[in-house]
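Structure at a glance
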Amino acid sequence: MRRLAHNRLLVLAVGFVALQALLAVFAPIVSPHDPLEQHVLARLRGPGGTYWLGTDQFGRDVLSRIIYGCRASLAVSATAVAAALLAGGTLGLLASYYRGWLERIVMRLMDVLFAFPVLLLAIGIVAVLGPRNSTAAVAIAIVYTPIFARLLRGPALVICESDYVMSALAVGASDMRVIFMHVLPNLMSVVLVQTSLLLSAAILVEASLSFLGLGTQPPTPSLGLMLSEGRNFLMLSPWSAIFAGIAILFLSFGINLLGDVLRDTLDPRLRGER
Amino acid sequence: MFFRLIIARLVDLIFVLVSVSVVVFFMIRLIPGDAVAIMLGANTEVTPERMAGLRARLGLDQPVVQQYLAWIDAALSGDFGTSLWTGRPVLDEIAVHVWPTLQLTLLSLLIGAGLAVPAGCLMAELRGRLADAIMRVATVVGLTIPSFWLGIVMILVIAALAPSVQALGYVAFSDDPLDNVARLLLPAVTLALPILANLSRLLRSAMLDALTQDYIRTARAKGATERSVVYVHALRNALIPFVTSVGIMTGYLLGGAIVVEQVFAIPGLGRLILGAIAERNYPLLQATILLVTCGFVVVNFVVDMLYLAIDPRVRA
Amino acid sequence: MVRNALRSIMVAGALALPVHAASAQTLELGIDQSPAGLDPHIVTAFSSFMVVNGTIYEGLTAIDKDLRIGPGLAESWTVSPDGKTYVFRLRRGVTFHNGAPMEAADVVASLKRTLAKEIASPLATRLAAVESIAASDAQTAEVKLKEPSAPLLTSLATIAIVPRAFESDKDSLQRQPVGTGPFKFKEWQPNSFIVLARHEGYWRQSLPKLDGVKFNIVPESATRQVGLASGQYAMLPNIDAATALQLKGKPNLRLQETLELAYSLIGLNVSKPPFNDPRVREAVNLALDRQEIIQAALFGAGVPGGPLSPALRDWAVDVNEFPCYGRNPAKAMELLKAAGHAQPIAVTMTVLPRQDIKDIAQVVQQQLNKAGFRVELKTPELGQFIQDWRNSNFDLFASTNAGSPDPDDYFYRTFRTGGSTNVFKYSNPEIDSLLDTARATVDAAARKASYAKVQRVLACEGPVVHLAYAQLFSALRGNVQGFEIIANRSLSSLVSVSVAR
């Protein structure tokens with residue numbers, strides 16, 4: 001019974017994420033309208049009719065903009081998190097494998113980056129590089145690098161000191177071989193879980209940056225930007241802001257739920273079974 | 001042994017603090033556009049000589065390294081300079097803005113952590129059932145709901161339901177304590193939701209973790225009821241990670257406050273930082289980010305130390 | 001050391017807490033931005049101008065709601081026949097907020113302060129023609145010019161008179177302004193509010209009617225609107241059409257509107273292709289439909305603009321007389337072809353980070369893309385925008401310009417070769433000579449003829465594509481009386497405002 005409820009949750013999460021990923025990938029086919037086409041006479045409409053979710057202040061189709069916005073949001077956050085995983089993961093792994101001064105230097109540098117509140121550092125980096133889609137990705141990648149490094153160092157330490165790694169080293173396996181054949185595979189579950197949780201958070205950071213005008217630039221559809229533009233017309237027609245917010249929530253929610261369920265699946269201690 | 005560990009951590013802490021000050025100072029100067037240009041506004045008539053004059057007046061014509069050394073030297077003796085715009089000492093400005101943010105974050109922490117304990121216990125007790133699954137999905141929603149959006153929706157709802165209620169802005173506690181708390185309630189709830197979600201989840205898993213331990217089995221074997229096992233034995237054990245992660249929340253709160261203060265017109269540190277970035281108010285921005293970051297680092301340090309003191313396993 | 005810092009935080013925090021409760025006759029306003037300082041000679045940004053102009057500070061002359069020049073602190077003046085000497089008779093009984101009487105020495109000190117190098121005032125160029133300033137007696141100030149300057153009286157309205165003690169004081173006025181206006185500065189909590197209190201010794205009898213004015217700084221538009229609707233704020237001054245539309249018809253609210261002096265524009269960099277070719281600049285004009293821009297971005301609240309605001313009835317040429325103002329994409333594309341450009345021409349438009357301008361830019365982009373261009377938008381942060389603008393680092397940009405009641409003030413610095421805000425690098429000998437002549441001409445009809453010619457040339461092939469003049473709105477609670485909206489965003493009419501109970 002419990003397993004069943006659990007599997008249902010997994011199916012729900014996977015389905016949710018898959019649906020959004022498909023929508024994003026096939027945005028040009030799925031969108032009912034051109035997300036940039038302005039129809040001034042049909043602006044600020046509520047949901048219903050030709051425009052299922054209504055129109056924004058230029059009469060652009062809200063649904064199409066949300067679909068394209070999810071695509072942009074996913075692209076930025078996924079690229080950023082992948083880059084952070086690569087950089088932070090490598091640093092964390094090397095630090096825990098070689099220990100000594102390398103570990104000390106790497107982890108202190110990570111501490112410095114980690115010392116800043118996430119959004120604050122991201123705002124600072126974007127301010128330096130100039131507000132664009134790509135710089136938002138760079139900022140998120142930099143902010144998340146120390147988080148990955150810290151998250152992976154702990155489990156990696158345990159694995160590096162485990163018996164099978166020790167015995168692999170004893171039979172003369174090279175460093176690279178040990179890292180790739182023994183340490184890395186054992187980290188996969190941690191990586192999988194943390195990546196999805198951080199990806200979910202990255203979507204919110206990207207939306208916050210766009211909301212503050214520091215991410216995607218108009219007229220390119222972006223969820224945070226739609227919310228930011230829509231809030232100027234809240235009393236006339238709140239729909240574009242409301243739907244954009246719900247879209248951000250759904251996107252972040254699905255991926256977070258997936259990570260959450262994965263954690264339970266991969267870590268038997270947390271299943272609540274005695 | 002324990003003492004040496006603390007010394008080592010202190011050395012690390014100082015290294016981090018110094019590096020942070022360097023990063024803050026130089027990052028701010030890398031931001032394109034400068035205070036002088038903003039002061040003059042877009043499209044005013046001004047000659048390059050006038051710009052240079054104004055820049056010299058603000059001390060922005062010195063080499064950057066020299067500016068940094070002068071700044072850090074004065075800062076160490078408690079002088080963070082004056083705000084470029086109002087000419088008031090930076091510390092005074094920060095002091096004015098620190099109270100609303102402190103109040104807001106404390107109130108959110110109170111709401112979030114306060115509700116997380118019963119929620120987490122309930123989830124642990126109902127583990128594996130449908131209600132548990134629903135509550136977990138709810139916590140994921142709480143964790144992923146964009147706070148700036150939630151704030152705007154709340155304002156919209158208030159305007160629709162009670163158009164004549166004056167619920168926005170900030171009233172100093174000394175002016176009207178009741179009004180002060182009343183007006184902070186909406187933004188605090190907005191900010192508290194992710195904390196509630198996060199902490200209740202954490203509590204749930206920590207308690208489930210505890211339930212597999214030997215001493216719980218012993219308690220069960222001695223005939224303790226399921227309720228008392230969950231609420232007394234498991235909860236007590238789970239409170240350690242709970243308390244330590246409250247420290248980590250401060251970072252989130254400071255970030256979240258930036259956006260929430262903007263929406264609810266609260267004159268706190270978040271507004272101060274965004275405003276200072278927009279105005280290129282270097283002394284103010286440097287000092288604010290430095291103090292906020294140091295606060296964050298120190299809170300985490302203290303939490304780490306507490307953790308060391310409580311949990312002997314970590315010391316090894 | 002750290003403890004000292006901490007202690008000063010505590011002390012300052014304790015001091016900051018007690019704030020006096022506002023009395024019933026304090027007008028609560030909601031504004032979106034903190035002013036960037038309150039020294040009238042240093043900070044010229046809109047956010048500061050609105051707070052200090054006509055409230056804290058006054059000039060020798062004053063601009064009324066019809067944008068005409070009238071007496072201010074100077075009761076009257078005479079101009080010598082050669083147009084080079086102005087003698088100002090000062091009003092009697094004017095006192096500064098610090099209690100000192102306003103005399104000719106203060107006028108001299110204020111003008112000298114504006115011109116002083118150490119003060120580095122951006123307003124100095126408005127007094128570029130001034131040769132010397134002297135006080136003949138306590139009530140008479142004499143200004144001598146190097147050459148006649150028709151816009152001098154308009155310029156003087158924007159130069160605040162401050163006590164002579166501040167002539168060499170660079171910093172104090174930024175945070176402790178002292179002027180002669182109806183309200184004196186009381187308190188400024190950055191990011192929160194600015195409070196002005198009634199100036200008891202104000203020279204106009206039984207004015208101001210209010211006890212004080214409080215500017216509440218509220219960045220979020222929806223929050224300001226809800227605040228006005230609930231009565232927390234009595235007034236939202238100088239709001240755009242989108243905000244006004246949302247407040248329209250709400251109970252107990254009133255809207256005032258006027259055609260704004262400021263206008264939206266597209267600036268073209270004429271120092272490099274493609275906009276170095278006048279045909280390409282004309283093509284941009286032909287590609288645009290200004291009515292559609294007004295409909296889409298300004299919610300219909302505005303009029304198409306030429307080089308001068310239609311609000312300046314004495315000067316502006318009717319836009320229907322400009323041949324390039326009718327939309328004609330086919331002709332635009334022909335011109336681009338004739339200029340030898342392969343279409344679409346890829347250009348980047350830098351956009352001022354303000355909501356109405358961002359909206360306008362998106363409509364302009366779509367129109368240009370249908371007429372042989374491919375426009376990419378870039379919205380930098382304000383500091384970056386200003387830097388790019390100043391360094392002519394753009395293909396084209398979308399922005400707004402404050403406008404001025406006198407044509408010379410805008411034209412000369414913007415379109416004259418080497419003008420101080422000629423960031424377009426525009427140079428046209430015909431325009432130069434027309435501007436030089438008009439500046440030295442005092443005869444109104446002759447000036448008007450010169451500026452009409454200037455407008456006709458600039459409208460189609462100038463470096464600036466003038467888009468639209470928007471309606472400017474102020475929203476008031478029903479019980480606020482006596483306010484009059486002014487096209488240059490000044491709130492000087494607050495002096496006669498009262499709040500009915």
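1. Notes on the overall build of chain A
The number of helices and strands found in chain A is 10 helices and 0 strands. Counting from the amino terminus, helix and strand elements in chain A follow one another as α-α-α-α-α-α-α-α-α-α. In terms of overall dimensions, chain A has a C-alpha envelope of 75 × 50 × 30 Å along the principal axes. Relative to its full complement of 274 residues, chain A shows a buried share of 54%. When contacts within chain A are restricted to residue pairs at least 6 apart in sequence, long-range pairs at least 24 apart make up 68% of them.

2. Concerning the overall build of chain B
Looking only at helices and strands, one finds 13 helices and 0 strands in chain B. Shown N-terminal to C-terminal, the secondary structure of chain B runs as helices and strands in the order α-α-α-α-α-α-α-α-α-α-α-α-α. Here chain B, with 316 residues, has 46% of them falling under the buried criterion.

3. Considering the pairing of strand E4 (residues 74-79) of chain C
All names here are of chain C. With 5 bridges connecting them, E4 and strand E5 (residues 85-90) associate as antiparallel partners. Looking at the pairing, Thr78 lines up with Val87 of E5. Between E4 and E5, which follow one another and run antiparallel, lie 5 residues, and Gly83 among them has a positive phi close to 75°.

4. Focus on the interface of chain A and chain C
Many analyses report the size of an interface as the accessible area lost when the parts associate. Listed per partner, the contact involves 17 residues of chain A and 23 residues of chain C. Here the side of chain A that touches chain C is composed, by residue class, of 10 nonpolar, 6 polar and 1 charged.

5. Here we look at the nonpolar core
Core analysis: the biggest nonpolar cluster contains 327 residues, and Ala122, Ile140 and Tyr144 of chain A have the highest contact counts within it. Two domains each donate at least three residues to this core, and these are domain 1 (2-178 + 479-499) and domain 2 (263-470) of chain C. Not counting the four nearest positions on each side in its chain, Ala122 of chain A is found in contact with Ala139, Ile140, Val143, Val205 and Leu209 of chain A.

6. A few points about helix H6 (residues 221-229) of chain C
Residues and elements named next belong to chain C. The element H6 is extensively covered by neighbouring structure, given that 9 of its 9 residues are classed as buried. Every buried residue of H6 is accounted for by Ser221, Ala222, Thr223, Arg224, Gln225, Val226, Gly227, Leu228 and Ala229. Where H6 ends, the next residue or the one after it, Gly231, has phi of about 90°, a positive value.

7. Topic: the sheet that holds strand E7 (residues 140-145) of chain C
Residues and elements named next belong to chain C. Read across the open sheet, the 4 strands follow the order E4-E5-E7-E6; overall the sheet is antiparallel. Of all strands in the sheet, those bounded by a partner on one side alone are E4 and strand E6 (130-137). Within the sheet, the average angular offset between the axes of one strand and its neighbour, ignoring direction, is 20°. By the bridge criterion, 5 bridges tie E5 to E7 in an arrangement that is antiparallel. Within E7, the position partnered with Arg89 by the bridge is Thr140. Taken strand by strand, helix H3 (residues 104-115) contacts E5, E6 and E7, and its axis lies near 165° from that of E6.

8. Quick word on the environment of Thr86 of chain B
Mapped onto the elements, Thr86 of chain B comes out in the loop between helix H4 (64-76) and helix H5 (90-125). You can call Thr86 of chain B buried: it has 23 C-beta atoms within 10 Å. In contact with Thr86 of chain B, not counting residues within four places along its chain, are Gln174, Arg175, Trp188 and Pro190 of chain C.

9. Quick look at the confidence of the model for chain B
Segments scoring low in pLDDT should not have their predicted coordinates read at a detailed level. Residues and elements named next belong to chain B. Of all residues in chain B, 90% attain a pLDDT of 70 or more, and the chain-wide mean is 80. Here helix H13 (residues 312-315) stands out as the least confident element of chain B, with mean pLDDT 52; H5 is the most confident, with 89. Predicted complex metrics record ipTM = 0.80 and pTM = 0.81.

10. Side note on the packing of helix H5 (residues 118-129) of chain A against helix H6 (residues 133-160) of chain A
Residue and element names in this part refer to chain A. With their axes 9 Å apart at the nearest point, H5 and H6 run at an angle of 140° to one another. Here H5 is positioned oblique relative to H6, judged by the angle of their axes. Crossing handedness for the pair H5 and H6: right-handed. On H6, the residues touching Val118, Leu121, Ala122, Ile125, Val126 and Leu129 of H5 are Thr135, Ala136, Val138, Ala139, Ile140, Ile142 and Val143. When its residues are assigned to classes, the contact of H5 with H6 shows 12 nonpolar, 1 polar and no charged.

11. A look at the packing of helix H10 (residues 226-264) of chain B against helix H11 (residues 269-279) of chain B
Residues and elements named next belong to chain B. One way to put it is that H10 packs onto H11 with a least axis distance of 7 Å and a crossing angle of 90°. Viewed along their axes, H10 and H11 adopt a mutual orientation that is roughly perpendicular. Between H10, through Ala257, Ile258, Glu261 and Gln262, and H11, the contact on the second element is made entirely by Leu269, Gly270, Arg271, Ile273 and Leu274. Split into classes, the residues belonging to the contact of H10 with H11 amount to 5 nonpolar, 2 polar and 2 charged.

12. With respect to the pairing of E6 of chain C
Residue and element names in this part refer to chain C. Pairing between E6 and E7: 6 bridges, direction antiparallel. Note that in E7 the partner of Ala134 across the bridge is Glu142. The loop that links E6 with its antiparallel partner E7 comprises 2 residues.

13. As for the confidence of the model for chain A
All names here are of chain A. Of all residues in chain A, 95% have pLDDT values of 70 or greater, and the mean over the chain is 85. Least confident of the elements in chain A is helix H1 (residues 2-25), whose mean pLDDT is 80; most confident is helix H3 (residues 62-98), at 92. Counting interchain partners and residues more than four positions distant, the pLDDT-below-50 stretch residues 269-274 has 11 contacts.

14. Describing unusual backbone geometry
All names here are of chain C. Omega for the peptide link from Pro273 to Pro274 comes to 0°, which places this bond in the cis form. Structurally, the position occupied by Pro274 is in the loop between strand E12 (253-268) and helix H8 (278-287). In the segment running from Gln343 into Pro344, the intervening peptide bond is cis, with an omega of -5°. Within the fold, Pro344 resides in the loop between helix H10 (329-338) and strand E14 (345-351). A positive phi angle is found at Asn252, which is not glycine, with a value near 70°.

15. Considerations on H8 of chain C
Across the 10 residues that make up H8 of chain C, a large majority, 8, are buried. Among the residues of H8 of chain C, Val280, Arg281, Glu282, Ala283, Val284, Asn285, Leu286 and Ala287 of chain C are the ones counted as buried.

16. A few points about the environment of Ala115 of chain A
Structurally, Ala115 of chain A is set in the loop between helix H4 (100-114) and H5. Among the residues examined, Ala115 of chain A registers 22 C-beta atoms within 10 Å and is labelled buried. Between the alpha carbons of Ala115 of chain A and Thr145 of chain A there is a distance of 13 Å; along the sequence they are 30 residues apart. Filtering out sequence-adjacent residues up to four positions away, Ala115 of chain A remains in contact with Val16, Val20, Thr293, Phe296 and Val297 of chain B.

Reading the values: rules and limits
- Residues numbered from 1 in each chain as written.
- Chains lettered and ligands numbered in written order.
- Predicted model: local features only at pLDDT ≥ 70, side-chain atom pairs only at ≥ 80, totals over all residues.
- Helix = DSSP H or I, 4+ residues; strand = E, 2+ residues; numbered from the N terminus.
- Buried ≥ 20, exposed ≤ 12 C-beta atoms within 10 Å, placed from the backbone.
- Contact = placed C-beta atoms within 7 Å.
- Pairing = 2+ DSSP bridges.
- Nonpolar A, V, L, I, M, F, W, Y, C, P; charged D, E, K, R; others polar.
- Core = buried A, V, L, I, M, F, W, Y, C linked by C-beta atoms within 7 Å.
- Domains from an automatic or database assignment.
- Axes fitted to C-alpha atoms, helices over the stretch in contact; angles between N-to-C directions.
- pLDDT = per-residue confidence, 0-100.
- Parallel < 35°, antiparallel > 145°, perpendicular 65-115°, else oblique.
- Left-handed = near helix turned anticlockwise from the far one by under 90°.

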